[in-house]
Amino acid sequence: MSHSETHALEQMQSQHHDQSHGSVKTYLIGFVLSVILTAIPFWMVMEGDFSKVTTLWSIVTLAIVQIWVHLKYFLHLNFTTDEGKANTFTFLFSALIIVMVVGLSVWIIYESNAMMMY
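Computed from a predicted structure; not experimentally measured. (Residues numbered from 1 in each chain as written. Predicted model: local features only at pLDDT ≥ 70, side-chain atom pairs only at ≥ 80, totals over all residues. Heavy atoms only, no water.)

Draft legend 1. Layout of the overall build of the protein chain. When you go through the protein chain residue by residue, the secondary structure sums to four helices and zero strands. Along the protein chain, helices (α) and strands (β) appear in the sequence α-α-α-α when read from the amino end. Summed over its atoms, the accessible surface of the protein chain is roughly 9,800 Å², and 72% of this surface lies on carbon and sulfur atoms. (Helix = DSSP H or I, 4+ residues; strand = E, 2+ residues; numbered from the N terminus. Areas by Shrake-Rupley, 256 points an atom, 1.4 Å probe, with all protein chains shown as cover.)

Right under this line is the structure:
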């Protein structure tokens, strides 16, 4: 390796180590938000004062928010850096593939079962 290549490699490694991979503060924020986002639907179901539709939509909405909290505070996915963008797109692509494999498998099994009934 030439001197310039070695210097560039050392610079990339120092930049990688300088990036924050989470601090105690961010983990605590994520934990508190997760507990709150779990406690609210639990409380709604246990109280039973809300209609089924309201309870269901609240659970779905708070679950989506909780997914976002986990992605941001625990997996550190973000769009502020190039590496963060690449990691986020990689995660989204992987999630898409998983949803397609599971969804299409269920569809194939359902259709196979329907054909066996005739």
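Draft legend 2. Looking closely at helix α3 (residues 52-74). Spanning 23 residues, α3 covers 32 Å between terminal C-alpha atoms, matching the ideal 33 Å at 1.5 Å per step. Along α3, the residues that are buried comprise T55, S58, L62, Q66, V69, L71 and Y73. Structurally, α3 contributes buried residues whose contacts are with α2 (24-47) and α4 (82-116). Taken from the residues just after α3, H76 is the one with a positive phi, measuring 55°. (Expected span 1.5 Å × (residues − 1). Buried < 20%, exposed > 50% of the residue type's maximum accessible area, 1.4 Å probe, protein only. Contact = heavy atoms within 4.5 Å.)

Draft legend 3. Representation of the side chain of T55. Assignment of secondary structure puts T55 in helix α3. For T55, a relative accessible area of 11% corresponds to the buried category. Contact partners of T55, with chain neighbours within four places excluded, come to M44, V45 and F50.

Draft legend 4. Spatial organisation of the UniProt feature "transmembrane region" (unreviewed entry) in the protein chain. Mapped onto this numbering, the UniProt entry gives "transmembrane region" (unreviewed entry) at residues 27-46, 53-71 and 91-110. Segment residues 27-46 splits into 100% helix and 0% strand. End C-alpha atoms: 28 Å apart. Strand forms 0% of residues 53-71 and helix 100%; the C-alpha atoms that close the span are 27 Å apart. (UniProt positions renumbered as here; feature names shortened; annotations may be inferred.)

Draft legend 5. Local environment of unusual backbone geometry. Within the chain, H76 stands out as a residue other than glycine whose phi angle is a positive 55°. Here H76 is to be found in the loop between α3 and α4.

Draft legend 6. Molecular detail of the packing of α2 against α3. One can describe the packing of α2 onto α3 by two numbers: an axis separation of 10 Å at closest approach and a directional angle of 170°. Here α3 runs roughly antiparallel to α2, going by the angle between their axes. When the residues that make up the contact of α2 with α3 are grouped by side-chain class, the tally is 15 nonpolar, nine polar and no charged. (Axes fitted to C-alpha atoms, helices over the stretch in contact; angles between N-to-C directions. Parallel < 35°, antiparallel > 145°, perpendicular 65-115°, else oblique. Nonpolar A, V, L, I, M, F, W, Y, C, P; charged D, E, K, R; others polar.)

Draft legend 7. Structural detail: the packing of aromatic side chains. Going through the model one piece at a time under the given rule, you end up with four aromatic pairs. With a centroid separation of 5.7 Å and an interplanar angle of 70°, the aromatic rings of W43 and F50 are classed as edge-to-face. For F50, a relative accessible area of 36% corresponds to the partly exposed category. For the pair F79 and F89, a centre-to-centre distance of 5.5 Å together with 70° between the ring planes defines the contact as edge-to-face. Highlighted residues: F79 in the loop between α3 and α4 and F89 in helix α4, separated in sequence by 10 residues. Looking at F79, the relative accessible area reads 45%, which means it is partly exposed. (Phe/Tyr/Trp six-rings, centres within 6.5 Å; stacked < 30°, edge-to-face > 60°.)

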